[in-house]
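The residues making up each chain are set out below.
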Amino acid sequence: MRGRVALNEWRTPFNPFTSVHMKSDFTEGNPWQYTWLVPQDVEGLIGLLGGEKRFSQKLDSLFIVKGDMGAEASNDISGLIGMYAHGNEPSHHVAYLYNYVGQPWKTADKVRFITDNFYTAKPDGIIGNEDVGQMSAWHIFSTLGFYPLNPANGAYVFGSPAVKHATIKLAAGKTLTIEAKNNSSTNKYIQAITLNGKAILSPTSRTKSYCKAATSSLKWVLPQVLLGA
């Protein structure tokens, strides 16, 4: 994503790695990170980047590309995996974008790596600025197995649950019980999802789906991985 200085003029010179805090087109981030900040219209972004295949390739590149952000980059750009910056909120939805191009296993890989490596019980156990609790909120949602990616339509996108069982208290005395069968550090890829016994076939689900019944049950089945010959 390149900044514009006028209707028909793009920012020149342009370096997708450089970030000059409070003085450039991007604050607390660089073009690599802000390219993906379109959570309200992921489908539109996929089209602008040339379709699902090119979108996926570009997203893969985000997690492996290396570059110098410069001496004036914000300290909030932390928790780096390539140019993905988990230490700052604009990146928090990015690992879940693979679901929109039919590659949920890549979301599972990234989410489990982040929950396992970027959160600890130590005093400095959060890898970035906790801004209004968002770093912790990402961790809680992700360990439950889903994330509220789209702020416009209430869609939750599935990832990889790190808990085996949890009960969430909802409004009006309702509850949502989550169960992840066969869950472990190696069994992280979702094989099937059911809500109140009915299969969920889409990688996303709307908020209202969890709130209809007084007691709802969301179950994940993760395939057992057998090691050895």
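Here the structure is a predicted model, which is why all the values come from computation and not from measurement. (Residues numbered from 1 in each chain as written. Predicted model: local features only at pLDDT ≥ 70, side-chain atom pairs only at ≥ 80, totals over all residues. Heavy atoms only, no water.)

**So, the side chain of His-93**
Positionally, His-93 belongs in the loop between β4 (84-85) and α4 (104-117). Looking at His-93, the relative accessible area reads 5%, which means it is buried. Those residues within four positions of His-93 in sequence are excluded, and the remaining contacts are Trp-36, Leu-37, Val-38, Pro-39, Tyr-147 and Leu-149. (Helix = DSSP H or I, 4+ residues; strand = E, 2+ residues; numbered from the N terminus. Buried < 20%, exposed > 50% of the residue type's maximum accessible area, 1.4 Å probe, protein only. Contact = heavy atoms within 4.5 Å.)

**Looking at helix α5 (residues 134-144)**
Each full turn of the α-helix corresponds to 3.6 residues, which orients residues three or four apart in the same direction. Residues Met-135, Trp-138, Ser-142, Thr-143 and Leu-144 constitute the buried set of α5. Directly beyond the C-terminal end of α5, a positive phi value near 110° is found at Gly-145.

**Structural notes on the confidence of the model for the chain**
Overall, the prediction assigns the chain a mean pLDDT of 88, with 92% of residues at 70 or greater. Averaged over each element, pLDDT in the chain is lowest for helix α6 (residues 208-211) (54) and highest for helix α3 (residues 52-62) (98). (pLDDT = per-residue confidence, 0-100.)

**Details of unusual backbone geometry**
In the segment running from Thr-12 into Pro-13, the intervening peptide bond is cis, with an omega of -5°. With respect to the helices and strands, Pro-13 occurs in the loop between β2 (9-10) and α1 (31-34). The backbone of Asn-182 shows a phi angle near 65°, a positive value even though the residue is not glycine. By the secondary structure assignment, Asn-182 is in the loop between β8 (175-181) and β9 (192-195). Judged by its relative accessible area of 26%, Asn-182 is partly exposed.

**Thoughts on the packing of aromatic side chains**
For the structure shown, the criterion picks out 13 aromatic pairs. Judged by centre distance (6.0 Å) and plane angle (0°), the ring pair of Tyr-119 and Trp-138 falls under stacked. With a gap of 19 residues between them, Tyr-119 in the loop between α4 and α5 and Trp-138 in helix α5 connect regions that are remote in the sequence. For the pair formed by Tyr-119 and Trp-138, the shared burial category is buried. Among the aromatic residues, those joined into a cluster by ring pairs are Tyr-96, Tyr-119, Trp-138, Phe-141, Phe-146, Tyr-147 and Tyr-156. Stacked on the ring of Trp-32, the Lys or Arg Lys-58 has its end atom at 4.5 Å from the ring centre. (Phe/Tyr/Trp six-rings, centres within 6.5 Å; stacked < 30°, edge-to-face > 60°. Lys NZ or Arg CZ within 6 Å of the ring centre and 35° of its normal.)

**Details of the pattern of salt bridges**
Within this structure, the stated rule accounts for 5 salt bridges. Among the ionic pairs, Asp-109 bridges to Lys-188, the shortest N-O distance being 3.1 Å. Of this pair, Asp-109 sits in helix α4 while Lys-188 sits in the loop between β8 and β9; the two residues are 79 residues apart in sequence, bridging distant segments of the chain. Exposure remark for Asp-109: the relative accessible area of 25% places this residue in the partly exposed category. (Salt bridge = Lys/Arg side-chain N within 4 Å of Asp/Glu carboxyl O.)

**Considering the pairing of β8**
Burial along β8 is one-sided: Leu-176, Ile-178 and Ala-180 are buried, while Thr-175, Thr-177, Glu-179 and Lys-181, pointing the other way, are not. Direction of pairing for strand β7 (residues 165-169) relative to β8: antiparallel, over a ladder of 5 bridges. Following the sheet pairing, Thr-167 is matched in β8 by Thr-177. Hairpin geometry of β7 and β8 is characterised by an intervening segment of 5 residues between the two adjacent antiparallel strands and by a positive phi of about 60° at Ala-172. (Pairing = 2+ DSSP bridges.)

**Notes on the packing of α4 against α5**
Packing of α4 against α5 brings their axes to within 10 Å, and their N-to-C directions diverge by 125°. Taken together, the axis directions place α4 and α5 in an arrangement best described as oblique. The interaxial crossing formed by α4 with α5 has left-handed handedness. Every residue of α5 that contacts α4 at Val-111, Ile-114 and Thr-115 is listed here: Trp-138, His-139, Ser-142 and Thr-143. Taken together, the residues of the contact of α4 with α5 sort by class into 3 nonpolar, 4 polar and no charged. (Axes fitted to C-alpha atoms, helices over the stretch in contact; angles between N-to-C directions. Parallel < 35°, antiparallel > 145°, perpendicular 65-115°, else oblique. Left-handed = near helix turned anticlockwise from the far one by under 90°. Nonpolar A, V, L, I, M, F, W, Y, C, P; charged D, E, K, R; others polar.)

**Details of the side chain of Ser-91**
In this fold, Ser-91 is placed in the loop between β4 and α4. For Ser-91, the contacting residues outside a window of four places in its chain are Gln-33, Tyr-84 and Ala-85.

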